[in-house]
Amino acid sequence: MEPTETRTTDGANAGVTTPASRERAQGAGAPARGFDDDASLHRTATTPAGRVVHVASFAAAERLIAGGADSRDVLIARGGDLDAAQRHLVASNPTGPLEPATPHAFEPRLLVCLPTYNELENLESMVRAILTWLDCDILVVDDDSPDGTGALADRLAEELPAVHVLHKKEKAGLGHAYLAAFAWGMERGYERLFQIDCDFSHAPWDLPRLAYAGVDNELVIGSRYVEGGGTEGWVMRRRMLSKGGNLYAKLFLGFDVQDYTAGFRCYDARLLSRIDLNGIAASGYSFQVEMTWRSKRAKASVKELPIRFVDREHGVSKMTGSIAREALAVIPSLRFGR
Ligand SMILES: Nc1nc2c(ncn2[C@@H]2O[C@H](COP(=O)(O)OP(=O)(O)OP(=O)(O)O)[C@@H](O)[C@H]2O)c(=O)[nH]1
Ligand SMILES: [Mg+2]
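On a predicted model such as this, the values are computed, not experimentally measured, just so you know.

What the protein chain contains, in helices and strands, is 11 helices and 12 strands. Sorting the 338 residues of the protein chain into buried and exposed places 46% on the buried side. Within the protein chain, contacts between residues at least 6 apart in sequence are counted, and of these 78% link residues at least 24 apart.

Here it is as structure tokens:
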């Protein structure tokens, strides 16, 4: 069954296709597949802001993105209503950033879990961007960041009713932050729980895509390693580490998932309730691998959507050698140990 979005936005911009804009949309000499599929499902335009815009249903958007379009330029119209989208373009600030008129809304209660450690420069813009794109609540989980991120989170929570904060006493790793967030969210009846980094490596405008795919799949992974996905701005060493880590995980856990270590996800709370979260061993980035493995063991349907992972602009990475070493030991133990 094709999932339906219950209260969608008409927040997409549209315009007229010209040969020049079509050429830009497709990139010089590298046509993106899917652009000419079905003209009733998308249009392209060049706005004064200089971007090419595509308008589509979620299904059409996924075809464009898998074919090479940047999801940033794909704005999704209500029920494929391109005329409404076009009216929005006329009404909105044409030189501003391309944003939906209202955030995408879905029937289930959505909680975006946002772990932070020293993300002062990123937190406020991340929170506002998330709320621009998705009608959801946000839980910031801060491990007593020395730079004052926790105090900023409190100020945002005072201003924005959708924002909540969980303060932890000390830096305990990403896995622990997410487990605390899941417990908090499940106690309060949230039905979909998202993971996203607070450094813009994961694009807030991809959240509605994950939410939509979450209608039919208990685990949706924003994947760098399916067609249309990728990484930007990483040095060779970092690329090798990620690819090597994924190959290592696949060798032990199966080739049916392409991006085991991805941190951009949407979980159905019913899946989380079937997993023994207290038994999770990993805390670093093998937390993602362990959760994927346990989801597969719990017979979850897993869907990977292509994303472009962009290296952080502000702040510093918390990736360390010990996090990578943890993965070396944890991954085989998942397959053979427990
Ligand atoms: N609460 C909490 N958040 C953390 C911890 N470690 C990292 N984070 C957050 O988790 C997210 C991912 O961490 P990053 O430092 O970006 O690590 P990464 O994405 O694996 O590495 P890079 O690709 O180098 O950025 C960010 O939002 C961090 O602020 C932690 O120990 N506790
Ligand atoms: Mg990061």
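Moving on from the coordinates now.
To continue, consider helix H6 (residues 174-187). Given a rise of 1.5 Å per residue, 14 residues ought to cover 20 Å, and the 20 Å separating the end C-alpha atoms of H6 matches this to within 8%. Taken together, the buried residues of H6 touch strand E4 (110-116), strand E5 (137-142), strand E6 (163-167), strand E7 (192-195), helix H9 (269-274) and helix H10 (286-297). Following H6 by one or two positions, Gly189 has its phi on the positive side, about 80 degrees.

With that out of the way, let us pick up the sheet that holds E4. Taken together, seven strands build an open sheet; the order of strands is E6-E5-E4-E7-E10-E8-E11 and the sheet is mixed. In this open sheet, the two edge strands, each paired with only one partner strand, are E6 and strand E11 (302-306). Here the average twist between neighbouring strands, direction ignored, is 20 degrees. Pairing between E4 and E5: six bridges, direction parallel.

Let's shift gears to the environment of Lys303. Along the chain, Lys303 falls in strand E11. Take Lys303: there are 17 C-beta atoms within 10 Å of it, and that puts it in the partly exposed class. Separated by 83 residues in sequence, Lys303 and Val220 have C-alpha atoms that sit 4.8 Å apart.

Right, let's get into helix H4 (residues 120-133). Within H4, the full set of buried residues consists of Asn122, Leu123, Met126, Val127, Ile130 and Trp133. Summarising the contacts, the buried residues of H4 are in contact with E4, E5, helix H5 (149-159), E6 and helix H7 (207-213).

Moving on, we get to the nonpolar core. The biggest cluster of nonpolar side chains holds 77 residues, and the ones touching the most others in it are Val112, Cys113, Leu114 and Phe194. Here this core takes six residues from H6, the largest share from any one element. Two domains each donate at least three residues to this core, and these are domain 1 (19-91) and domain 2 (110-337). Once residues within four sequence positions are removed from consideration, Leu114 is found in contact with Met126, Ile138, Leu139, Val140, Val141, Ile196 and Cys198.

This brings us to the pairing of strand E8 (residues 219-223). Among the five residues in E8, five count as buried, and that is most of the element. Here E8 shows no split at all, with Leu219, Ile221 and Ser223 on one side and Val220 and Gly222 on the other all buried. Bridge count for E8 against strand E10 (residues 265-268) is three bridges, and the pairing is antiparallel. When the bridges of E10 are listed, Leu219 appears paired with Tyr267. Here E8 runs beside E11; their pairing, made up of five bridges, is parallel. Counterpart to Gly222 in the pairing with E11 is Leu305.

Let us now look at the confidence of the model for the protein chain. Residues of the protein chain with pLDDT of at least 70 account for 76%, and the chain-wide mean is 82. For residues 1-37, every residue scores under 50 in pLDDT, and the model assigns this stretch 89 contacts once sequence neighbours within four places are set aside.

Tracing the backbone shows Ser273 in helix H9. Between the C-alpha atoms of Ser273 and Ala183, which are 90 residues apart in sequence, the distance is 9.7 Å.

The geometry of H4 relative to H5 is characterised by a closest axis approach of 9 Å and an angle of 20 degrees between their N-to-C directions. Classified by the interaxial angle, the pair formed by H4 and H5 is roughly parallel. In terms of crossing hand, the pair formed by H4 and H5 is right-handed. For the pair H4 and H5, the contacting residues are Leu120, Leu123, Glu124 and Val127 in the first and Thr149, Leu152, Ala153 and Leu156 in the second. For the contact of H4 with H5, the residue count by class is six nonpolar, one polar and one charged.

The subject of this paragraph is unusual backbone geometry. The phi dihedral of Asn118 is positive, around 55 degrees, even though this residue is not glycine. Take Asn118: it is sitting in the loop between E4 and H4. Positive phi outside glycine occurs at Lys299, with the angle close to 65 degrees. Position of Lys299 relative to the elements: it lies in the loop between H10 and E11.

Criteria and cut-off values
- Residues numbered from 1 in each chain as written.
- Chains lettered and ligands numbered in written order.
- Predicted model: local features only at pLDDT ≥ 70, side-chain atom pairs only at ≥ 80, totals over all residues.
- Helix = DSSP H or I, 4+ residues; strand = E, 2+ residues; numbered from the N terminus.
- Buried ≥ 20, exposed ≤ 12 C-beta atoms within 10 Å, placed from the backbone.
- Contact = placed C-beta atoms within 7 Å.
- Expected span 1.5 Å × (residues − 1).
- Pairing = 2+ DSSP bridges.
- Axes fitted to C-alpha atoms, helices over the stretch in contact; angles between N-to-C directions.
- Core = buried A, V, L, I, M, F, W, Y, C linked by C-beta atoms within 7 Å.
- Domains from an automatic or database assignment.
- pLDDT = per-residue confidence, 0-100.
- Parallel < 35°, antiparallel > 145°, perpendicular 65-115°, else oblique.
- Left-handed = near helix turned anticlockwise from the far one by under 90°.
- Nonpolar A, V, L, I, M, F, W, Y, C, P; charged D, E, K, R; others polar.

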